[in-house]
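Structure assessment
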Amino acid sequence: MCRVAGLFSARNYNIESLTVAPTEDPSVSRMTVVTNGSDAVVEQITKQLNKLVDVIKLIDLNDYKHIERELMLVKVWAGSEAREEVKRLVDIFRGRIIDVSDTTYIIELTGAGEKLNAFLDAMDKKHIIEVVRSGATGICRAEKALRV
Amino acid sequence: MAKKIRGAEIFVKALIDEGVEHVFGYPGGAVLHIYDKLFKQDKLKHILVRHEQGATHAADGYARATGKPGVVLVTSGPGATNCVTGIATAYMDSIPLVVFTGQVHTHLIGNDAFQEVDCIGITRPCVKHNFLVENVRDLTTVIKKAFYVAMTGRPGPVVVDIPKDVTADATEYHYPASIEMRSYRPNTKGHPGQIKRAAELILSAKRPMIYAGGGVILDNAAGDLTELTRLLGYPITNTLMGLGGYPGTDPQFVGMLGMHGTYEANMAMHHCDVLIAIGARVDDRVTGDLAHFCPEAKIIQIDIDPSSISKNVPVDIPIVGSVSHVLGELNKLVKASGAKPADRGKDPWWKQIRKWQASDCLRYDRDSSLIKPQHVLEQIYELTEGAAYVTSDVGQHQMWAAQFYKFDQPRRWINSGGLGTMGFGLPAAMGVQVAFPDACVVCITGEASLVMCIQELSTCLQYSLPVKIVNLNNRYMGMVRQWQEFFYDRRYSHSYMDALPDFVKLAEAFGHVGMCVENPSDVRPMLEEAFSMKNRLVLMDFITDQSENVYPMIASGKGHHEMHLSPERELA
């Protein structure tokens, strides 16, 4: 993971988000990086990542139909007036309230990046205390797979 | 149940089984067990340097000259950090090195222990790959992988960090005959369809240019390149790293290209309609301003590293594969086509090139009362009949060596191109001499570069390495001074070399022969005397003309067609 992060920072590529976790094969980790850049830059990033000796395989998810998911935890003020409003918004977005106190809720939401952004936009800014996002992961639709 | 042996002994046996003959190193606490095992054997020859940087440059020079991996052994902490410059030098020029660094005990790692550094972290950006051996059972596999990674695909330096307890623990010895890595499978065979398209484009070219770089040397493809170039009859230029990949004395060679390349090479690049880039990475010293690079050309690029293709310049026909394989296939296709080589007498493109060659862009004042560095290099070329191993430091002297010493064979020109490391020349020459004890090895250097690794003069004495050091002493950091003259209105900020040593006495203090010369008429006699001493290292101090500049020159941000030429002649 350090090699990937080091590569991005050394060559001045932008990391919007980065997630990494083990797979069903304990000797293999799966990493998802969200970056941005022109086609030429993305092509160079792809080639440089493939050059890393530890990288077994790499795909650009944008080349395929795919599903993206990200987890977000949001801590909000939910005093007596706001409580109903917040709960309604959470239901609309199919999120869950996973922590309750007298004045706060913690909301868990999963979905594609745009859905999470839309939820934050829909929330009144002054209600948001803290936002924690996991970074996006993705998987190709149908039979196409990134496997060893 | 096989016998168990300690990690230190496994290390030495593994290197011997891998075919390593020489190791350049310096001992220390973390590698004491290994050094103990080295003491009791004589199959692996250890060369004791005087600074770990010298070990890496020596191993680097050894690798460039032989094609075998250079091997380094140093201790932890400062031993490892002293290697970083040398590792980065090898990384930039894609040279296979395997650098073994000692490390503190595994249970002390991360504890700010004595002589501990995060060697893996520090070297990560300047190695092809690195490994930390966490258990003695992994040692032989890691060593095998290290050599495999260093030598295959695009070569590069590999660091192996070995904690001290790993060298003390014991296990059974088994050195794998071969290794496979599922995450690393370099592709060497070029795509046949692409090769065919390239052949068609090459044969249809009206103003072709072959541009060949260090990749030809690394892949031992000089023979294939020479065959192709002669079959086609096309002009060819080499990069600084590619010199010797095609015979420099051949009439089809138009000289080096780039920032200090010849007028004819750069003009031909600028006006060509088909550019055939072979084992060259299109780097900024070659291209000048990218917006004006080969504006009229369709570009074919052959390289083993996909990330080098279309990195700086979009390529029309990219071919990923080893240079020797792809050139072999191209040679077959060109022969099968029955095409005749271009007629240098009648062909309009060659006529144009000859006009550019007539400008004599490398001319210099041959009547000066001061020693001209170009003259010294011409004399050395004659005296050694163009067959010496020539190492270089960095700066003006390096450019003059590249311009005036014509290399007909690969692996004779040994210099730091990508990183431009001053101090490289002397230890690299040392490494080459270790590889070829009877060869003539010349180190071209300047007084600023020479003192950076001067301590290696002791290593040269200890192992009787009779390198010939040519110190082109202009009492300035020449290249810096040249830029300050051209672009900083002659504000020579800290580029004057004050308080220089007496180089003759310096050489003698280290046990060698020192000579000094100030008159042009004494240059040849001194060279003859020095080169006749086959068994002594000779340091020759040439007091040269301080005002001399390297021409031609393409300034930063300018194109191939915008060269500065020497004041001797101004060109339209």
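Look above for the structure.
A brief structural summary.

With that out of the way, let us pick up the overall build of chain A. For chain A, the helix and strand inventory stands at four helices and seven strands. Shown N-terminal to C-terminal, the secondary structure of chain A runs as helices and strands in the order α-β-β-α-β-α-β-β-α-β-β. In terms of overall dimensions, chain A has C-alpha extents of about 55 × 35 × 25 Å along its principal axes. By residue count, 10% of the 148 residues in chain A fall in the buried class. Considering only residue pairs separated by 6 or more positions, chain A has 65% of its internal contacts joining residues 24 or more positions apart.

Attention now goes to the overall build of chain B. For chain B, the helix and strand inventory stands at 23 helices and 20 strands. C-alpha atoms of chain B, sized along the principal axes, occupy 75 × 60 × 40 Å. Put simply, chain B has 572 residues, and 54% of those count as buried. Considering only intrachain contacts with a sequence separation of at least 6, the fraction spanning at least 24 residues in chain B is 77%.

Okay, the pairing of strand β13 (residues 298–303) of chain B next. In regular strands, side chains alternate between the two faces of the sheet. Residues and elements named next belong to chain B. For β13, the tally of buried residues reaches five of six residues, placing the bulk of the element in the interior. Direction of pairing for strand β12 (residues 274–278) relative to β13: parallel, over a ladder of five bridges. Looking at the pairing, A277 lines up with Q301 of β13. Sheet topology note: the β13/strand β14 (residues 317–320) ladder contains four bridges and is parallel. For I300, the partnering residue across the bridge sits in β14 and is I317.

Glancing now at the sheet that holds β13(B). Residues and elements named next belong to chain B. Read from one edge to the other, the open sheet built from six strands follows the order β11-β10-β9-β12-β13-β14, with strand pairing classed as parallel. Bordering the open sheet on either side are β11 (253–256) and β14, each of which pairs with just one other strand. Each strand of the sheet is rotated relative to its neighbour by a mean of 15 degrees, with strand direction disregarded. With three bridges connecting them, strand β9 (residues 208–212) and strand β10 (residues 236–238) associate as parallel partners. What sits directly across from I210, in β10, is I236.

Residue and element names in this part refer to chain B. Under the 1.5 Å per step criterion, the end-to-end length of helix α7 (residues 139–151) is 19 Å for 13 residues, consistent within 8% with the ideal 18 Å. Burial in α7 covers these residues: L139, T140, V142, I143, K145, A146, F147, V149 and A150. Structurally, α7 contributes buried residues whose contacts are with α1 (7–17), β5 (97–103), β6 (129–132), β7 (157–163) and α8 (164–168). Phi for G153, located one or two positions after α7, is positive at around 55 degrees.

This part is about the interface of chain A and chain B. The partner chain B presents 10 residues to the 13 residues of chain A that form the contact. Counting only elements with at least two residues in the side of chain A that touches chain B, the list comes to α1 (2–10) and α2 (39–51) of chain A.

Moving on, we come to the pairing of strand β18 (residues 468–473) of chain B. Residue and element names in this part refer to chain B. The element β18 is extensively covered by neighbouring structure, given that six of its six residues are classed as buried. In β18, alternate side chains face the same way, and those of K468, V470 and L472 on one face and I469, N471 and N473 on the other are all buried. Looking at chain direction, β18 and strand β20 (residues 538–543) are connected through six bridges and run parallel. In the sheet register, N471 faces β20, and the bridge partner there is D541.

What follows is about the sheet that holds β18(B). Residues and elements named next belong to chain B. Ordered by their spatial adjacency, six strands build an open sheet running β16-β15-β17-β18-β20-β19, and the pairing between neighbours is parallel. Across the chains shown, the open sheet's two edge strands, defined by having one partner strand only, are β16 (413–414) and β19 (513–517). Pairing between strand β15 (residues 389–392) and strand β17 (residues 441–446): four bridges, direction parallel. Counterpart to T391 in the pairing with β17 is C443. Across the sheet, helix α23 (residues 520–532) is in contact with β18, β19 and β20; its angle to β19 comes to roughly 170 degrees.

The next point concerns the environment of I120(B). All names here are of chain B. Following the sequence through the fold, I120 ends up in helix α6 (residues 119–123). The sequence separation of I120 and L132 amounts to 12 residues, and the corresponding C-alpha distance is 7.1 Å. Setting aside anything within four residues of it in sequence, one finds I120 in contact with N130, L132 and D161.

Before going further, it helps to spend a moment on the nonpolar core. Ranked by internal contacts, the top residues of the largest apolar core, which has 180 residues, are V72(B), V160(B) and L275(B). Not counting chain neighbours up to four residues away, the residues in contact with L275(B) comprise M209(B), Y211(B), C294(B), A297(B), I299(B) and I300(B).

Our next topic: the packing of helix α3 (residues 52–66) of chain B against helix α5 (residues 84–92) of chain B. All names here are of chain B. In the contact formed by α3 and α5, the axes pass within 7 Å of each other and the chain directions differ by 20 degrees. In terms of orientation, α3 lies roughly parallel with respect to α5. For the element pair α3 and α5, the recorded crossing hand is right-handed. The segment α3 lies against α5, with Q53, T56, H57 and D60 engaging T85, G86, I87, T89 and A90.

Residue and element names in this part refer to chain B. Running from amino to carboxyl end, helix α16 (residues 373–383) crosses helix α17 (residues 396–404) at an angle of 45 degrees, the nearest separation of the two axes being 9 Å. By the angle between their axes, α16 is oblique relative to α17. Viewed along their axes, α16 and α17 form a crossing whose handedness is right-handed. In contact with P373, Q374, L377, E378 and Y381 of α16, α17 contributes H397, W400, A401 and F404. Along the lines of polarity and charge, the residues of the contact of α16 with α17 split into six nonpolar, two polar and one charged.

Attention now goes to the environment of H129(B). When you line up the elements, H129(B) lands in strand β6. On a C-alpha basis, the gap between H129(B) and A146(B) in space is 8.0 Å, while along the polypeptide they are 17 residues apart.

Residues and elements named next belong to chain B. With respect to the helices and strands, A280 occurs in the loop between β12 and α13 (284–287). Put simply, A280 and G7 are 273 residues apart on the chain and 41 Å apart in space, counted from C-alpha to C-alpha. Look past the residues within four positions of A280 in its chain and what remains in contact with it is Y211, A212, G213, G215, T239 and G242.

We now examine unusual backbone geometry. Residues and elements named next belong to chain B. Residue Y551 is joined to P552 through a cis peptide bond whose omega torsion reads -10 degrees. Position of P552 among the secondary structure elements: in the segment after β20. Notably, S94 is not glycine yet its phi reads approximately 60 degrees, a positive angle. Assignment of secondary structure puts S94 in the loop between α5 and β5.

Quick notes on the rules
- Residues numbered from 1 in each chain as written.
- Chains lettered and ligands numbered in written order.
- Predicted model: local features only at pLDDT ≥ 70, side-chain atom pairs only at ≥ 80, totals over all residues.
- Helix = DSSP H or I, 4+ residues; strand = E, 2+ residues; numbered from the N terminus.
- Buried ≥ 20, exposed ≤ 12 C-beta atoms within 10 Å, placed from the backbone.
- Contact = placed C-beta atoms within 7 Å.
- Pairing = 2+ DSSP bridges.
- Axes fitted to C-alpha atoms, helices over the stretch in contact; angles between N-to-C directions.
- Expected span 1.5 Å × (residues − 1).
- Core = buried A, V, L, I, M, F, W, Y, C linked by C-beta atoms within 7 Å.
- Parallel < 35°, antiparallel > 145°, perpendicular 65-115°, else oblique.
- Left-handed = near helix turned anticlockwise from the far one by under 90°.
- Nonpolar A, V, L, I, M, F, W, Y, C, P; charged D, E, K, R; others polar.

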